[in-house]
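Chain residues, written in single-letter form:
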Amino acid sequence: MKTLTLHSDNEDNLRLIREVAEKIGVQVEEESGETQNKESVADVLREWHQNGGLQTTIEDPVGWQRAQRKDRKLPFRD
């Protein structure tokens with residue numbers, strides 16, 4: 001099975017494509033782009049959390065912060 005994804009803001013064009021697909025026996029699945037994106041982001045975050053989340057990415061948060069921080073001279077301090 002092959003998949004073809006179409007994106008359009010024109011409802012009339014999408015309706016015509018849907019009708020042609022039904023006439024030639026092609027399966028049509030509709031999703032709005034926003035719903036698909038929200039679900040995929042939620043799935044990725046859920047999977048990341050189940051795999052340990054941030055603790056597996058940064059084992060020593062204090063050491064990481066120390067390495068990332070750039071100290072600067074404060075005004076009126078020697």
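Residues numbered from 1 in each chain as written. Predicted model: local features only at pLDDT ≥ 70, side-chain atom pairs only at ≥ 80, totals over all residues. Heavy atoms only, no water.

This next bit is on the overall build of the protein. Helix and strand content of the protein: four helices and zero strands. Each helix and strand of the protein, ordered N terminal to C terminal, gives the series α-α-α-α. Evaluated residue by residue, the protein yields a buried proportion of 5% over its 78 residues. (Helix = DSSP H or I, 4+ residues; strand = E, 2+ residues; numbered from the N terminus. Buried < 20%, exposed > 50% of the residue type's maximum accessible area, 1.4 Å probe, protein only.)

Attention now moves to a nonpolar patch on the surface. A contiguous nonpolar patch, built from Val-41, Leu-45, Trp-48 and Leu-54 and spanning about 380 Å² of accessible area, is present on the exposed surface. In terms of residue count, helix H2 (residues 33-50) provides more of the nonpolar patch than any other element does, three residues in total. Structurally, Trp-48 is set in helix H2. (Patch = residues over 30% accessible without salt bridge, like charges linked within 9 Å, V, L, I, M, F, W, Y side chains within 5 Å. Areas by Shrake-Rupley, 256 points an atom, 1.4 Å probe, with all protein chains shown as cover. Salt bridge = Lys/Arg side-chain N within 4 Å of Asp/Glu carboxyl O.)

Attention now moves to the pattern of salt bridges. A complete count under the given rule lists three salt bridges for this structure. Arg-15 serves as the salt-bridge partner of Glu-19, at 3.1 Å between the closest nitrogen and oxygen. Of this pair, Glu-19 and Arg-15 both sit in helix H1 (residues 11-23), four residues apart, roughly one helical turn. Salt-bridge contacts for Asp-43 lead to Arg-46; the nearest nitrogen and oxygen are separated by 3.0 Å. Here Arg-46 and Asp-43 lie together in helix H2, a separation of three residues that amounts to about one turn. Asp-43 gets classed as partly exposed once you look at its relative accessible area, which sits at 42%. Here Arg-46 falls in the partly exposed class, since its relative accessible area comes to 46%.

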